[in-house]
Amino acid sequence: MKSNQYEVLLERHPNNPILTADMWPYPAHTVFNPGSTILEDGTTLLLCRVEDRRGISHLCAARSKNGIDGWVIDTEPTFAPDPTNHPEEMWGIEDPRITFVPEVGEYFITYTAFGKSGPGVAIASTKDFHKFERLGLVMQPDDKDAALFPSRFHGEYALIHRPTTEMGSHMWLSFSPDLRNWGGHIVLLPARRGAWWDANKIGLSPPPIDTPRGWLVIYHGVRRHASGSIYRLGLALFDKEHPENCLTRGQSWIFGPEERYEVQGDVGGAVFPGGYTILPDGDTLHMYYGAADTSICLAVGSISKMLDWLDRDGTEFTGVAGQLAERIQLSNPG
Ligand code: BMA
């Protein structure tokens, strides 16, 4: 299938949007930007961001046997802000990403804790999506779009996140021995500059995807224009053992707002995935995304086709040297 003659790597599901606020068992203004995982019994779980009419978000689980329909939605908030004990959650919790860490046997949820100092990155763990343990704020504001890798590198856990400074919004990688104390911060992928679709502001979308060729990362780029912003998705591949090394970065975006449910809504022009599941064939990807900050949608892709596409469209990096070139570009504007 072609779209304007470009290859389509992520096909929208005909049921889209698959989850909307009017399906919620309690009052909800919008439902969007879900994290996702597959539970032990094969159920797809989406941890959905639910925004109420105050503007405050919490998280609510929806479960489905096939990840497409038949959703069973928790009848009350699954994971709600706790501003009394965690003032950093005063204005809500947003945009979860889920990583199952086999070594610990638990799911770790990285989410945006929105407090009076701004949005920061918090982590909570759960075994069952009923009881949660907070590890607290791990990256202070302004920081968001974070996800953990499922395994350690050279003894340390690794977290991708996106701090914002006056120099722009780039993707960073940080390391920790215990998931609470983080250091070794390094720019993982800088936003491009100038006219590019991913100039000045990028961020991780779902958690990194483990492939035989490395960690495949779907990230969003924000193009600012006179009437707002367009959120689109691109691909990059990172070294399996040294995830700080980018191997290839796609030049073109692969998915952007097109359909009415992506263009119209609270924030028209935003497609914002926070999760994926991989089907039993090991290649088919279900990508779950928020559409226009209003509803939840599904797009279906193939990991091997994405990797093939990167071979054609990507810019090669020679490990650290390639990364350095990008960083030098970052530190020498103009
Ligand atoms: C980003 C995040 C997302 C949101 C997107 C578009 O900065 O805050 O939650 O979906 O903007 O509004």
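Before going into details, it helps to say that this report is about the structure given with it.

What counts as what
- Residues numbered from 1 in each chain as written.
- Predicted model: local features only at pLDDT ≥ 70, side-chain atom pairs only at ≥ 80, totals over all residues.
- Heavy atoms only, no water.
- Pairing = 2+ DSSP bridges.
- Helix = DSSP H or I, 4+ residues; strand = E, 2+ residues; numbered from the N terminus.
- Buried < 20%, exposed > 50% of the residue type's maximum accessible area, 1.4 Å probe, protein only.
- Arc of directions from axis to C-beta.
- Core = buried A, V, L, I, M, F, W, Y, C linked by side-chain atoms within 4.5 Å.
- Contact = heavy atoms within 4.5 Å.
- Near = heavy atom within 4 Å.
- Polar contact = N/O pair within 3.5 Å; in protein donor to acceptor, adjacent residues only side chain to side chain.
- Areas by Shrake-Rupley, 256 points an atom, 1.4 Å probe, with all protein chains shown as cover.
- Nonpolar A, V, L, I, M, F, W, Y, C, P; charged D, E, K, R; others polar.
- Phe/Tyr/Trp six-rings, centres within 6.5 Å; stacked < 30°, edge-to-face > 60°.
- Axes fitted to C-alpha atoms, helices over the stretch in contact; angles between N-to-C directions.
- Salt bridge = Lys/Arg side-chain N within 4 Å of Asp/Glu carboxyl O.

Considering the sheet that holds strand β4 (residues 30-38)
Spatial strand order, β4-β5-β6-β7: 4 strands in an open sheet with antiparallel pairing. The sheet is open, and its two borders are formed by β4 and β7 (72-73), each paired with just one other strand. Inspection of the sheet shows strand β5 (residues 44-51) paired to strand β6 (residues 57-64) by 8 bridges, in the antiparallel sense. Bridge pairing in β6 places L45 opposite R63.

Remarks on helix α2 (residues 303-313)
Where α2 is concerned, the buried positions are I303, M306, L307, W309, L310 and D313. Viewed along the axis of α2, the buried residues span an arc of 160°, placing them on a single side of the element.

Structural notes on the nonpolar core
L216, L235, F255, L285, M287 and Y289 are the most contacted members of the largest nonpolar core, which has 24 residues in total. Elements that contribute at least two residues to this core include exactly β19 (214-225), β20 (228-238), β22 (271-278), β23 (284-291), β24 (295-302) and α2. The element best represented in this core is α2, accounting for 5 residues. One finds A158, L173, L189 and W197 within the second-largest nonpolar core, a separate group that totals 21 residues.

With respect to unusual backbone geometry
The bulk of non-glycine residues show a negative phi, and the bulk of peptide bonds are trans. P17 follows N16 through a cis peptide bond whose omega is -10°. Considering the arrangement of structural elements, one finds P17 in the loop between β3 (10-12) and β4. Residue D142 follows P141 across a cis peptide bond; omega there is 0°. Along the chain, D142 turns up in the loop between β11 (132-139) and β12 (143-148). You will see that N33, though not glycine, has its phi angle at about 40°, which is positive. Here N33 lies in strand β4.

Structural notes on the environment of L307
Turning to its location among the elements, L307 is positioned in helix α2. Considering only alpha carbons, one finds L307 and T248, 59 residues apart in sequence, at a separation of 9.6 Å. Non-local contacts of L307, meaning those with residues more than four positions away in its chain, are made with T211, R213, L216 and L237.

Some thoughts on the site of the ligand
In the region of the ligand, the neighbouring residues are N33, R49, D95, K144, Y231, V267, F272 and D293. At 3.0 Å, a side-chain N or O of Y231 approaches an oxygen atom of the ligand. In isolation the ligand exposes 310 Å². Once the protein is present, 84% of that is buried. A per-class count over the shell around the ligand returns 3 nonpolar, 1 polar and 4 charged.

Topic: the packing of aromatic side chains
Considering all chains together, one arrives at 13 aromatic pairs under this definition. Ring plane angle 50° and centroid distance 4.9 Å describe the contact between Y107 and F129, whose orientation is recorded as tilted. Of the two residues, Y107 is situated in strand β9 (residues 106-115) and F129 in the loop between β10 (118-126) and β11; the sequence distance between them amounts to 22 residues. The burial state of Y107 is the same as that of F129; both residues are buried. Ring geometry for F149 and F153: centres 5.1 Å apart, planes at 85°, overall edge-to-face. Comparing F149 with F153 shows no difference in burial state: the two are buried.

Some points on the sheet that holds β23
If you trace the 4 strands from one edge of the open sheet to the other, you get β3-β24-β23-β22, paired in antiparallel fashion. One side of each edge strand has no neighbouring strand; the edge strands of this open sheet are β3 and β22. Adjacent strand axes in the sheet meet at a mean angle of 30°, parallel and antiparallel pairs treated alike. Bridging between β3 and β24 involves 3 bridges; their strand directions are antiparallel. Across the sheet, L10 pairs through a bridge with G301, a residue of β24. Seen against the sheet, α2 touches β3, β22, β23 and β24 and runs at an angle of roughly 70° to β24.

Details of the pattern of salt bridges
A complete count under the given rule lists 18 salt bridges for this structure. Among the salt bridges present, the one from R180 reaches E133, with a minimum N-O distance of 3.8 Å. Of this pair, R180 sits in the loop between β15 (171-176) and β16 (183-189) while E133 sits in strand β11, and the two are 47 residues apart along the sequence. Judged by relative accessible area, which is 45%, E133 ranks as partly exposed. As a salt-bridge pair, D145 and R162 come within 3.4 Å of each other at their nearest N and O atoms. On the criterion of sequence distance, the pair formed by D145 in strand β12 and R162 in strand β13 (residues 157-165) is long-range, its members being 17 residues apart. You can call R162 buried: its relative accessible area is 3%. Through salt bridges with shared partners, one network takes in R49, E51, E94 and D95.

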